[in-house]
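What the coordinates show
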Amino acid sequence: MGKFLFWAVVIIGVLLVTRVLTHYAANQRNKPLQKKGGPQAITEAEEMVRCAHCQVFIPRSDAFEQDDHLWCGPEHAKQGVHQPR
Ligand SMILES: [Zn+2]
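Just so it is clear, the structure is predicted and the values come from calculations on it, not from any experiment.

Moving on to the overall build of the chain. Helix and strand counts for the chain stand at 3 helices and 4 strands. Reading the secondary structure of the chain in the N-to-C direction produces α-α-β-β-β-β-α. Residue burial in the chain is summarised as follows: out of 85 residues, 8% are buried. In the chain, of all internal contacts separated by at least 6 residues, the share reaching a separation of at least 24 is 16%.

So this is what it looks like as structure tokens:
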């Protein structure tokens, strides 16, 4: 009976250790991702601007600039400013 208890404790101990280790490994893997997705990513994120015609948000680099306004494309620049009701 003593031997059985000994092995039961050993098996439970091994299971606990593997569980803790896998949990730790998962945490280590997630840490760099959390850093990337943290406040740094917000500052690195591109500024969003609004098309003066259709009010759609577009990244600054994709925006089309003309007549002191930003547009989603040259077609909306031609159509001009449109105020939605
Ligand atoms: Zn537009």
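Within the secondary structure, Ile-58 sits in strand E2 (residues 57-59). The spacing of Ile-58 and Leu-70 is 12 residues in sequence and 9.5 Å in space, taken between C-alpha atoms. Setting aside anything within four residues of it in sequence, one finds Ile-58 in contact with Met-48, Val-49, Cys-51, Ala-63 and Cys-72.

Moving on, we come to unusual backbone geometry. Although it is not a glycine, Gln-55 adopts a positive phi angle of roughly 65°. Of note, Gln-55 is situated in the loop between strand E1 (48-50) and E2. Of note, Asp-68 is a non-glycine position whose phi angle comes to about 60°, a positive value. Positionally, Asp-68 belongs in the loop between strand E3 (64-66) and strand E4 (69-71). Of the residues examined, Asp-68 has 6 C-beta atoms within 10 Å and is grouped as exposed.

The rules we used
- Residues numbered from 1 in each chain as written.
- Predicted model: local features only at pLDDT ≥ 70, side-chain atom pairs only at ≥ 80, totals over all residues.
- Helix = DSSP H or I, 4+ residues; strand = E, 2+ residues; numbered from the N terminus.
- Buried ≥ 20, exposed ≤ 12 C-beta atoms within 10 Å, placed from the backbone.
- Contact = placed C-beta atoms within 7 Å.

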